[in-house]
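Geometric and topological summary
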Amino acid sequence: MVAAALDHPGLRLTAAELIALRPPPHAERPRPASRRPGAIPARVAGQGSDLREIRAFVEGDDLRRIDPGATARTGQLHVRSFHEDRDDTTLLIADFRPQMLWGTGPALRSVRAARWLARIGWQAVARGASVALLAVGGDRPMLLGPGTGAQQMRALASLMAQAHDAALAQRRPQAGDLTPALAQARRMVPAGGQVHLATGPDGLTGADAGLSQLARARHLHVHLILDPAETAPPALPLSVSDGHATRHGRLSAYDPLPLLAHLRGLGARPETVSPDDTG
């Protein structure tokens, strides 16, 4: 049960507010024709079964793709490249761990993360993609397998609200790291799929290896949800006391550039999300 003091907009997440983020019908694009929901046939070089071309080897090519016949005939290394189907599956990872359950504006950072992911989910189903959810922060992760359409988004909104309630209701929350969730994400999303992780700048500690592995064959987007205290800290000095000693100091604005560069080095596509972007 969520405490009554937390049952207010911005503190408690509701399915209704996530469903209300659905764009108007005229803003939705037509669903693309495909052989199965969430799969868009795309003729791009990849690891499929249809041969695309045999060409001369260049530095950086996968040695496992060397074509023995062409290499023997020409006396020079040649490699094969293949077409593949690009699977348009979108996984939303909502971070509801303790470091997300705070905020200095009208909504907790976790609530703003959920709203941001819901918008991404609605955009995905509008183009015909399949959407899945992995919510982290309660006693156990909550999962929703891939599905399409508005009905899937309504189920996703409901589960995300349940997961947020579970995180708020924890008596002894454990922060942990995202490594198990990132491993689960690799099992949920096929190669070529999209992964959208909404967390805070302090939510990625110890997750470098998992992020790098997840980004190798998938499009990994990391959305850093920033709080007003990080983007526009108060100019006046603040006092902090533990009951015995008091310290005074000023907060400085958070500089995301080093973390953004680090995440790009891991293969992710990071961005910051300001308070104005999520309300």
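Each remark here, short or long, concerns the structure printed above.
The structure reproduced in this document is the subject of the present report. Only a predicted model underlies this, so the values are computations on that prediction, with no experimental measurement involved. (Residues numbered from 1 in each chain as written. Predicted model: local features only at pLDDT ≥ 70, side-chain atom pairs only at ≥ 80, totals over all residues. Heavy atoms only, no water.)

Digging into the overall build of the chain
Note the threshold: Where helices and strands are cited, they refer to DSSP runs of H or I of at least four residues and of E of at least two residues respectively, numbered from the N terminus. A 1.4 Å probe rolled over the protein chains alone gives each residue an accessible area, and that area as a share of the maximum for its type sets the label: buried under 20%, exposed over 50%, partly exposed in between. Contact criterion: two residues are considered in contact whenever any of their non-hydrogen atoms come within 4.5 Å of each other. In these tables, accessible area is a Shrake-Rupley quantity obtained with a 1.4 Å probe, and a residue counts as shielded only by the protein chains included in the view.
Per the secondary structure count, the chain includes 9 helices and 11 strands. Expressed as a percentage of the 279 residues in the chain, the buried residues total 43%. Partitioning the intrachain contacts of the chain with sequence separation of at least 6 by distance along the chain shows that 73% fall at a separation of at least 24. Counting only carbon and sulfur atoms, one obtains 53% of the accessible surface of the chain, whose full area is about 14,800 Å².

Some remarks on the side chain of E230
Selection rule: Under the rule applied, a polar contact is a pair of N or O atoms within 3.5 Å (in protein, one hydrogen donor and one hydrogen acceptor; residues adjacent in sequence only if both atoms are side-chain atoms).
Looking at the element boundaries, E230 is found in helix α7 (residues 228-231). The exposure class assigned to E230 is buried, which follows from its relative accessible area of 16%. In terms of polar contacts, E230 uses its side chain to reach the backbone amide nitrogen of D227, at 2.7 Å. Setting aside chain neighbours within four positions, we find E230 in contact with W102, R109, P201, I225, A253 and Y254.

Some details on the pairing of strand β9 (residues 238-241)
Applicable threshold: Strands were regarded as paired on the criterion that DSSP finds at least two bridges between them.
Relative to strand β10 (residues 246-249), β9 runs antiparallel, the two sharing 4 bridges. Within the sheet, the bridge partner assigned to V240 lies in β10 and is R247. Linking β9 back to β10 in an antiparallel pair, the connection comprises 4 residues, with G243 at a positive phi of about 95°.

Overview of the nonpolar core
Operational definition: In this description, a nonpolar core means a group of buried Ala, Val, Leu, Ile, Met, Phe, Trp, Tyr and Cys residues linked to one another through side-chain atoms lying within 4.5 Å.
Judged by nonpolar contacts, the single largest core of 37 residues is most densely connected at F96, L133, L156 and M160. Breaking this core down by element, the ones donating at least two residues are β4 (89-95), α3 (109-126), β5 (130-136), β6 (142-147) and α4 (149-169). Ignoring anything within four residues of it in the chain, the contact list for F96 reads L13, L101, S110, A114, A135, V136, G137, M160, A163, H164 and A167.

Considerations on the sheet that holds strand β8 (residues 219-225)
Our working rule: Think of each axis as a best-fit line through the C-alpha atoms, taken over the contacting stretch in the case of a helix, with angles from 0 to 180 degrees between the N-to-C directions.
Taken together, 6 strands build an open sheet; the order of strands is β6-β5-β4-β7-β8-β11 and the sheet is mixed. This sheet does not close on itself; its edge strands, each paired only once, are β6 and β11 (269-273). Between one strand axis and the next, the sheet turns through 15° on average, direction left out of account. Across 6 bridges, strand β7 (residues 194-199) lies against β8 in parallel orientation. For T199, the partnering residue across the bridge sits in β8 and is L224. Sheet contacts for α3: β4, β5, β7, β8 and β11; angle to β4, the most-contacted strand, approximately 175°. Where α4 meets the sheet, its contacts fall on β4, β5 and β6, and the angle it forms with β6 comes to roughly 170°.

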